[in-house]
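Secondary and tertiary structure notes
Chain by chain, the residues run as shown.
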Amino acid sequence: SSLLAAMGTACEQRLMQHSAYLDEIIGMVPATFYVPTNPEELSKRFQKHVGKPAGAVSKHQHKLEATERRRAKLDPSNHVGAVELAAANADAEEREDAEFRLREARPSGTQGDGGDDAAAGLAPSMPLADFAQRGGGSQQ
């Protein structure tokens, strides 16, 4: 029985030494690594959508907008054919050439702003409303 008592105290002493050693090691590590300074900061760290700026566009919203842009691009009513686009470009070039010739024909003292087609007697071959309705000539 004295042997058991001696073993028990030796075991307790060894346990106390190990505990003191671990306490010493933990004391060397700064508390900021294992104790949060602000509990809200720690909770935000592990929650996916908390703490993002209010103005940030979500990934889902961005995907929806991209889908809408793709649908608008592929919509047949917004399509401007190559023939229509070429005709609109040719008409625009003809108007620019006519304006340039008109400006060159004017005497240098009476040059206007050069942008008044109605005053120059030039009428656009395609009304602007029709051109805008067809997609404004922009390629999509």
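Residues numbered from 1 in each chain as written. Predicted model: local features only at pLDDT ≥ 70, side-chain atom pairs only at ≥ 80, totals over all residues. Heavy atoms only, no water.

Another point: the overall build of the protein chain. What the protein chain contains, in helices and strands, is 6 helices and 0 strands. Counting every position in the protein chain, which comprises 140 residues, the buried fraction comes to 8%. In the protein chain, the proportion of contacts linking residues at least 24 apart, taken out of those at least 6 apart, comes to 47%. Surface accessibility of the protein chain: about 12,200 Å² in total, with carbon and sulfur atoms responsible for 57%. (Helix = DSSP H or I, 4+ residues; strand = E, 2+ residues; numbered from the N terminus. Buried < 20%, exposed > 50% of the residue type's maximum accessible area, 1.4 Å probe, protein only. Contact = heavy atoms within 4.5 Å. Areas by Shrake-Rupley, 256 points an atom, 1.4 Å probe, with all protein chains shown as cover.)

Let us now look at a negative patch on the surface. A surface patch of like charges, here negative, comprises Glu 93, Glu 94, Glu 96 and Asp 97. Relative to the helices and strands, Asp 97 resides in helix H4 (residues 82-105). (Patch = residues over 30% accessible without salt bridge, like charges linked within 9 Å, V, L, I, M, F, W, Y side chains within 5 Å. Salt bridge = Lys/Arg side-chain N within 4 Å of Asp/Glu carboxyl O. Lys, Arg positive; Asp, Glu negative; His and termini not counted. Charge placed at Lys NZ, Arg CZ, Asp CG, Glu CD.)

All right, on to H4 then. Look at H4: 34 Å from first C-alpha to last across 24 residues, which is about the 34 Å you get at 1.5 Å a residue. Regarding H4, the residues found buried are Leu 85, Ala 88, Asp 91, Ala 98 and Glu 99. (Expected span 1.5 Å × (residues − 1).)

The next point concerns the pattern of salt bridges. Taken as a whole and assessed by the stated rule, the structure comprises 2 salt bridges. For Glu 68, the salt bridge goes to Arg 71, with nearest N and O atoms at 3.5 Å. Pair noted here: Glu 68 and Arg 71 are both in helix H3 (residues 59-74), with a separation of 3 residues, about one helical turn. The class of Glu 68 is partly exposed, set by a relative accessible area of 47%. Its salt-bridge partner being Arg 103, residue Glu 99 comes within 3.6 Å of it at the nearest N-O pair. With a gap of 4 residues between them, Glu 99 and Arg 103 both fall in helix H4, about one helical turn apart. Arg 103 sits in the partly exposed class, given a relative accessible area of 32%.

On to a nonpolar patch on the surface, then. On the surface, a cluster of nonpolar side chains totalling about 660 Å² of accessible area is made up of Ile 26, Met 28, Val 29, Phe 33, Tyr 34 and Val 35. Mapped onto the elements of the fold, Ile 26 is located in helix H1 (residues 2-28). On the basis of relative accessibility, which here comes to 46%, the residue Ile 26 falls in the partly exposed class.

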